[in-house]
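# Per-entry structural report
As a plain string of letters, each chain reads:
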Protein chains: 2
Amino acid sequence: MSDAFEKLCDHSREIALLNSIESLLDWDARCKLPEQGSAYRTEQQAYVARLVHQKQTDPRIGDWLADVQGTDLTADPQSDSATIIREAQRNYDKQTKLPAELVEALTRATNDGQHAWVEARRENDFSKFLPYLENVYRLKREQADAIGYESCRYDALLDDYEPGEKTSTVRAALEALRTDLVPLLELIQASGKSPDRSILTREYPVSAQESFGSQAAKAIGFEFDRGRLDVTHHPFCTEAGPDDCRITTRYDLNFFNMAFFGILHEAGHGIYDQGLRKSQYGLGPGHYLSLGIHESQSRMWENQVGRSRPFWDHWYGAAQQQFNSLQDVALDDFYFAINHVEPSLIRVEADELTYNLHIIIRFELEQALIDEQITPADLPEAWNSKYQQYLGIQPPTDADGVMQDVHWSAGLVGYFPTYSLGNLYAAQFYQQADKDLGGLDELFRRGEFLELKRWAGENIHQRGRNVTPAELVQEVTGEPLTHTYLIDHLQSKLSPLYGI
Amino acid sequence: MSDAFEKLCDHSREIALLNSIESLLDWDARCKLPEQGSAYRTEQQAYVARLVHQKQTDPRIGDWLADVQGTDLTADPQSDSATIIREAQRNYDKQTKLPAELVEALTRATNDGQHAWVEARRENDFSKFLPYLENVYRLKREQADAIGYESCRYDALLDDYEPGEKTSTVRAALEALRTDLVPLLELIQASGKSPDRSILTREYPVSAQESFGSQAAKAIGFEFDRGRLDVTHHPFCTEAGPDDCRITTRYDLNFFNMAFFGILHEAGHGIYDQGLRKSQYGLGPGHYLSLGIHESQSRMWENQVGRSRPFWDHWYGAAQQQFNSLQDVALDDFYFAINHVEPSLIRVEADELTYNLHIIIRFELEQALIDEQITPADLPEAWNSKYQQYLGIQPPTDADGVMQDVHWSAGLVGYFPTYSLGNLYAAQFYQQADKDLGGLDELFRRGEFLELKRWAGENIHQRGRNVTPAELVQEVTGEPLTHTYLIDHLQSKLSPLYGI
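Residues numbered from 1 in each chain as written. Chains lettered and ligands numbered in written order. Predicted model: local features only at pLDDT ≥ 70, side-chain atom pairs only at ≥ 80, totals over all residues.

Attention shifts here to the overall build of chain A. When you go through chain A residue by residue, the secondary structure sums to 20 helices and three strands. The globule rule puts the C-alpha radius of gyration for 500 residues at 23 Å, and the 23 Å found for chain A is close to it. Across its three principal directions, the C-alpha atoms of chain A cover 70 × 50 × 50 Å. When the 500 residues of chain A are sorted by exposure, 44% land in the buried category. Here the contacts in chain A between residues at least 6 apart in sequence split such that 72% fall between residues at least 24 apart. (Helix = DSSP H or I, 4+ residues; strand = E, 2+ residues; numbered from the N terminus. Rg over C-alpha atoms; globule rule 2.2 N^0.38 Å. Buried ≥ 20, exposed ≤ 12 C-beta atoms within 10 Å, placed from the backbone. Contact = placed C-beta atoms within 7 Å.)

Okay, structure coming up:
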C-alpha cells in the first residue's frame, strides 16, 4: 500500500470522526438540548465545522492525491482504492474550487435567508423574503460557475446531492413521470370514490404509537443495539458513528400516519446507514451513494412495503390490539384510508402520488431560476400557475405556497429532485427484489421482512460509492432509470381502490 | 487590557468549549448511546481529549503568563483578572510539570486498572487486582513528586480536587469528626430504636418517581430550561455549556430513596453549576471552586434540606397523593425511616452519618499508601480492621470490602476526602444561611426554597475560584472549617428520633 494512500485514508477517517461529533451535537440540539442551551451549541457546532474545514482544505491532500492518481490504485474504477481516491478528489476539489469569500458569503446569505424566511412566512409577506432569495440564487449561480459544468449550471449544483448525475437524465425521468401522473390523478379524482379518512384522526395514544412504531422498525431490520428512536420537531436520521444511527419522529395524538409512516421512512434511512460497510467508515466505499439512493431506501420501506396490503395483512391484528380506535375498522377501510390520493397544498403532507408533482414543480422552478429564465420576483405567480396546472389547486397564501419549504432559503438548490428520484429508484429496485426473492407479498404476509433488508444490503448499501447512481440502477435492475415502475406500482395499487 | 491577557482568556475559553463537547460525548455515552456504539465513542472522546491536551500544553500559554504575572492584573488576588491568571498558571503547570511518559503510563495503568478491577471484583479475587493497584500507586507517587509539595506527598494529589487545600487541615477536621461520630453511632445503636424501613421498599411507580423528583428539583431551583434530567447507571451531573447542565438518576421501583434523594443531590450539583457566572465561563471566576465545595451544594440540598422535617411538612401531602404506598404511612414514620442510621458495608448506600466513616477509612488508607506506611498487599486486612473499629462490622468478601469503589483503580487518590469535606462545608454553610435568612425551617414549611438558592448563589457559586476553599469558608461563616456544625446537625436531628 502506498504511503500517500494510507495518509489519505487516515485523514479521511479523521474528518469523518469530526463529522460524527458534529452529528451528535446536531442530533442533541434537535432532540435533547435545553431551550437556553442553543446559543452555546451554535458556537460548539461552528467550532467543529471550522476544524472540519481546516482538515478538508489541508494542502497535503492535494499532494497525496497527486501521488496516487493514475497508479494501480485507480486502475479499476469500482475498486475500493479507486473509490476512496475518487471520493477524496471530489471532496478536495469542491472545497478548494470555491473562493473563501464565496463560501463566507454563502454562509451569511443562507443564515440570513433562513431567518428572513421564518419571519416572512409567519407574516405571509413574500416581498420581505425576496431580496434574501435573490441573494442566495445569485451566489448559487456563482457557486455553480466556480465549480464548473459541461452542459448546464444546474448540473454543478445537482452533483452536491446526486454525485455524477446529470440534469438532462433527471429531467427526462421526471417529465415522463409528470406526463403519466397528471392523467392518473385526474382519473382518481373523477372516480368519485374516497375512503373514510376520519379513522386515521381518531385518538392514538402516544405511548402505543411509540411501541408499535418501534416494533415495526425492529421487524423491518432497524437495529436498536446500533441505533435509537427519539422525538423531534422535524424528523430526520443521522449517524454519530458506524454503530450509532439515530432516527427521530414526532407524535400526533390525533393522526396515526404522522409517526407510523414517519418511523418506517426514517428506519429505511437508518437501515441504509446501518448497512454500509463498517470497515470503510469515513471512506467512499462506506459512504451512502446519493440523497436519491438514500431516499429510495426510506421510500421503499415507507411506501412499497409499509402501505402494501400484505404488510397490513400481517400487522393489522397487532395494530387493532394496540389501538382501540381501530377495533371497529375493517382492514379494507384502513388500507384504503392510508393510500388515499388527493391534491393538497403542502408537500410534506402529500400522498404517495401527488408528492411527486410537488417536487416536479420545485425542480422546474429552480432550474428556471438558476438559468435566469425567471427571477425570484416571478416565483409566486409561477408557483401558483404550476400548482393549478399539475394539481388543480392554488394556494390561498404564499406562506402555504412558495414559502412553505426552508430549502431555497438555506441554499439547497438541486436537492428537491432527489426526493422524487428516491421514489423512482425505490419502485425500480423493489420490482427487482420481488423478482430476485420470488415474491415479497408472501414473505410480508408471514411477517418476514429481513430478506428484503438483506437483498438491499448486498445490492445497494454495501456498494457504497464504488458506482454512480446510474451505474447502480443498471447493475441492480439491468436497465437505466425509468419512471415506468413507479407508475406501475401506483396504478396496480390505486386502480382497484378507485375502480379505475 | 493587555494583549497577552486577552489571548490567555480566549485560549482558556477555547479549551472550555472543547471540554464542553467532551462532556456531551460523555453524557451521551452514559445516558443515550446504543450498546454497540461505545467503541467508536471511545475514539471520539480520545480525539477530543488529545485536542484539549494540545491546547493545554501550547507553549504560547507560558509566554502569555510571563507577560501578565506581576502586573496590575494580579495585584488584587481576589480580582477576576488575578483569578483568571492564577487558574491558567495552575493548569499550565499541572500539564507541563508531568513528563509525557508519566502521563502515558498513568493513562495505561488506570485503563488497565479499571478493567482489572471490574474482573477481580466480579471474581472476588483481590490478588488479581493487586499488581494493577501497586502500579497505579507507584505512578501516583511519581506524579506527586513531579508536581512537588511542601509538607507531604498527599498534598500534591489532594490539590487536584481541592485546590490550595492542605492534607493537615483536612486530616484535623476529619479526625475530629471521627472522634465525635463513633460514640454518637454507638449511642444510636445502643438505643434499640429503629424505624420501619420497609415502607421505603414498597412499590413506587417509576413515572411517579420521575415526576415527583422533577417537581422537587424544580422547586429547589434547578432550571429545566437550562438543564435536563435523564436516566443512567451511575448518576452524575455534568455541564455541556453555560446554559446546559445535565443531571441524571436511576429509578428502583421498590426503593423510594434511590431516585428521590439522588435527584435532590444531583440537582444540588446542578444548581451550583447553573449559579456560576456565565460571563466567566471557561475562566477561573466562572469555575466551580473545588470538589468539596461542589459536594457541599449537593449534600446541603439532599441532607440539610431534603431530609429535614420542614421539607416534608411541605411535601409529604404531595408525596402521599402521588404514591399509593405512602397513603397509610404517618409523616413521623416516614421521616424516621429516611433518617435511619445503621452501619453498612457499602459506601454509596450508607446513611448521612455513617457515610463519613466510610470516607475516613479510605482517606486514612490512601495517605498510608502514598506515604508507603502500608503496601497495597496490606489493604484487605487494614480495610477490614478499620471497618471493625469505626463501624463495628466486617465485610464478608473483598468484593464488598476493599474492592467496592472504582476510584483507586482509576487513579483517583485524594478524591475521597472531598465527599466528607462536602458534608462539613454543607453543615457550616447551612447554619450561616439559616442565620442570615432568619430561619429556614419556616420558609421550607411554606415551600419556599429559592431564598436559600439565592443565598448560595451570591455567597458561594458566584465566587468562582476568586478565593480558596479555606478563604470561602472564612468569608461566608466568619470562621475556619470545623466539624462541629455537622455534629450539631446530626445530633439535633437524630437525638429526638433515637431518644438519645
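So that's the structure; there's more coming.
Mapping chain A onto chain B leaves a residual RMSD of 0.0 Å; the transformation is a rotation of 180° accompanied by 0.0 Å of translation along its axis. This pairing of chains is accounted for by a two-fold axis. Residue by residue, 100% of the interface of chain A is reproduced at the interface of chain B, so both copies engage with the same surface. (Least-squares fit on C-alpha atoms with pLDDT ≥ 70 in both.)

What follows deals with the interface of chain A and chain B. In this assembly, 26 residues from chain A lie in contact with 26 residues from chain B. Looking at the side of chain A that touches chain B, the elements with two or more residues in it are helix H1 (3–31), helix H2 (38–56) and strand E1 (227–231) of chain A. The element that contributes the greatest number of residues to the side of chain A that touches chain B is H1(A), accounting for six residues. Of the residues in the side of chain A that touches chain B, the class split is ten nonpolar, six polar and ten charged. (Nonpolar A, V, L, I, M, F, W, Y, C, P; charged D, E, K, R; others polar.)

Attention now moves to the domain arrangement of chain A. Residues and elements named next belong to chain A. With domains assigned, chain A is organised as domain 1 (1–97) and domain 2 (99–500). A straight line from the C-alpha centre of domain 1 to that of domain 2 covers 27 Å. With 21 residues of domain 1 at the contact, the number on the domain 2 side is 23 residues. Elements supplying a minimum of two residues to the side of domain 1 that touches domain 2: H1 and helix H4 (80–97). The leading source of residues in the side of domain 1 that touches domain 2 is H1, at twelve residues. Taken together, the residues that form the side of domain 1 that touches domain 2 break down as seven nonpolar, five polar and nine charged. (Domains from an automatic or database assignment.)

All right, on to the packing of helix H16 (residues 417–436) of chain A against helix H20 (residues 484–498) of chain A then. Residue and element names in this part refer to chain A. Their axes nearest at 7 Å, the elements H16 and H20 cross at an angle of 80°. It follows that H16 is roughly perpendicular to H20 by the angle criterion. Of the residues in H20, those in contact with Asn423, Leu424, Ala427, Gln428 and Gln431 of H16 are Tyr485, Leu486 and His489. For the contact of H16 with H20, a count of residues per class yields four nonpolar, four polar and no charged. (Axes fitted to C-alpha atoms, helices over the stretch in contact; angles between N-to-C directions. Parallel < 35°, antiparallel > 145°, perpendicular 65-115°, else oblique.)

This part is about the pairing of strand E3 (residues 245–249) of chain B. Residue and element names in this part refer to chain B. Burial of E3 is extensive: five of the five residues sit out of reach of the surface. Every second residue of E3 is oriented toward a common face, with Cys245, Ile247 and Thr249 on one face and Arg246 and Thr248 on the other, all of them buried. Relative to E3, strand E1 (residues 227–231) is paired through five bridges, and the arrangement is parallel. Along E3, the bridge assignment pairs arginine 228 with arginine 246. Looking at chain direction, strand E2 (residues 237–239) and E3 are connected through three bridges and run antiparallel. The partner of glutamate 239 across the bridge, within E3, is cysteine 245. From the end of E2 to the start of E3, which pair antiparallel, there are five residues, and glycine 241 there has a positive phi angle of about 155°. (Pairing = 2+ DSSP bridges.)

As a further point, take the sheet that holds E2(B). Strand pairing in a sheet relies on backbone hydrogen bonds. The paired strands run either parallel or antiparallel. Residues and elements named next belong to chain B. Taken together, three strands build an open sheet; the order of strands is E1-E3-E2 and the sheet is mixed. Among the strands making up the open sheet, the edge pair consists of E1 and E2. Each neighbouring strand pair of the sheet contributes to a mean axis angle of 20°, computed without reference to strand direction. Of the strands in this sheet, E1, E2 and E3 touch helix H10 (residues 256–275), which is tilted by about 165° from E3.

All names here are of chain A. The sheet built from three strands is open, its strands ordered E1-E3-E2 with mixed pairing. Unpaired on one side and paired on the other, E1 and strand E2 (237–239) mark the two borders of the sheet. Neighbour to neighbour, the strand axes of the sheet diverge by 20° on average, direction disregarded. Most of the contacts of helix H10 (residues 256–275) go to strand E3 (residues 245–249), to which it runs at about 165°, and overall it touches E1, E2 and E3.

Moving on, we come to the environment of Tyr430(A). All names here are of chain A. In this fold, tyrosine 430 is placed in helix H16. Of the residues examined, tyrosine 430 has 26 C-beta atoms within 10 Å and is grouped as buried. When the C-alpha atoms of tyrosine 430 and glutamine 304 are compared, they prove to be 7.3 Å apart, with 126 residues separating the residues in sequence. Apart from residues no more than four positions distant in its own chain, tyrosine 430 is found in contact with Met300 and Gln304.

Before going further, it helps to examine the environment of Pro34(B). Residue placement: Pro34(B) occurs in the loop between helix H1 (3–31) and helix H2 (38–56). Given 19 C-beta atoms within a 10 Å radius, Pro34(B) is considered partly exposed.

With that settled, the discussion passes to unusual backbone geometry. The residue Glu372(A) is not glycine, and still its phi comes out positive at about 60°. Following the sequence through the fold, Glu372(A) ends up in the loop between helix H14 (354–370) and helix H15 (379–391). In this structure Glu372(A) comes out as exposed when scored by C-beta crowding, with 10 C-beta atoms within 10 Å. For Asn124(B), which is not glycine, the phi dihedral falls at a positive 50°. On the basis of neighbour count, Asn124(B) is assigned to the partly exposed category, with 14 C-beta atoms found within 10 Å.

Attention now goes to helix H3 (residues 59–68) of chain A. All names here are of chain A. Along H3, the residues that are buried comprise Ile61, Trp64 and Val68. For H3, the arc enclosing every buried residue in end-on projection is 65°, short of the 170-degree limit, so these residues lie on one face. Exposed and facing more than 90 degrees away from the buried side of H3 are Pro59, Asp63 and Ala66. Buried residues along H3 sit in contact with H1 and H4. Just downstream of H3, glycine 70 is the residue with a positive phi angle, here 80°. (Arc of directions from axis to C-beta.)

Once that is clear, we can look at the packing of H14(A) against H15(A). Residues and elements named next belong to chain A. Where H14 contacts H15, the axes come no closer than 10 Å and their chain directions differ by 145°. When the axes of H14 and H15 are compared, the crossing they make is right-handed. Seen from H14, the contacting residues are Thr354, Leu357, Ile360, Ile361, Glu364 and Leu365; seen from H15, they are Leu379, Ala382, Trp383, Lys386, Tyr387, Tyr390 and Leu391. Taken together, the residues of the contact of H14 with H15 sort by class into ten nonpolar, one polar and two charged. (Left-handed = near helix turned anticlockwise from the far one by under 90°.)

Chain-level pLDDT for chain A is 97 on average; 100% of the residues reach the 70-or-more range. Taken together, the chains of this predicted complex give a pTM of 0.95 and an interface ipTM of 0.94. (pLDDT = per-residue confidence, 0-100.)

What follows covers helix H8 (residues 167–190) of chain A. Because the α-helix completes a turn every 3.6 residues, residues three or four places apart line up on one side. All names here are of chain A. Taking 1.5 Å per residue, 24 residues should reach 34 Å; H8 reaches 34 Å between its end C-alpha atoms and fits that length. Every buried residue belonging to H8 is among Thr167, Val170, Ala173, Leu174, Leu177, Arg178, Leu181, Leu185 and Ile188, and all of these are buried. In this fold, the buried residues of H8 make contact with helix H7 (153–158), H14, H15, H16 and H20. A positive phi of about 75° marks glycine 192, the residue just after H8. (Expected span 1.5 Å × (residues − 1).)

Residue and element names in this part refer to chain B. By the element assignment, arginine 60 lies in helix H3 (residues 59–68). Assessed through the 11 C-beta atoms surrounding it within 10 Å, arginine 60 is described here as exposed. Distance in space between the C-alpha atoms of arginine 60 and lysine 7 is 9.3 Å, their sequence separation being 53 residues.

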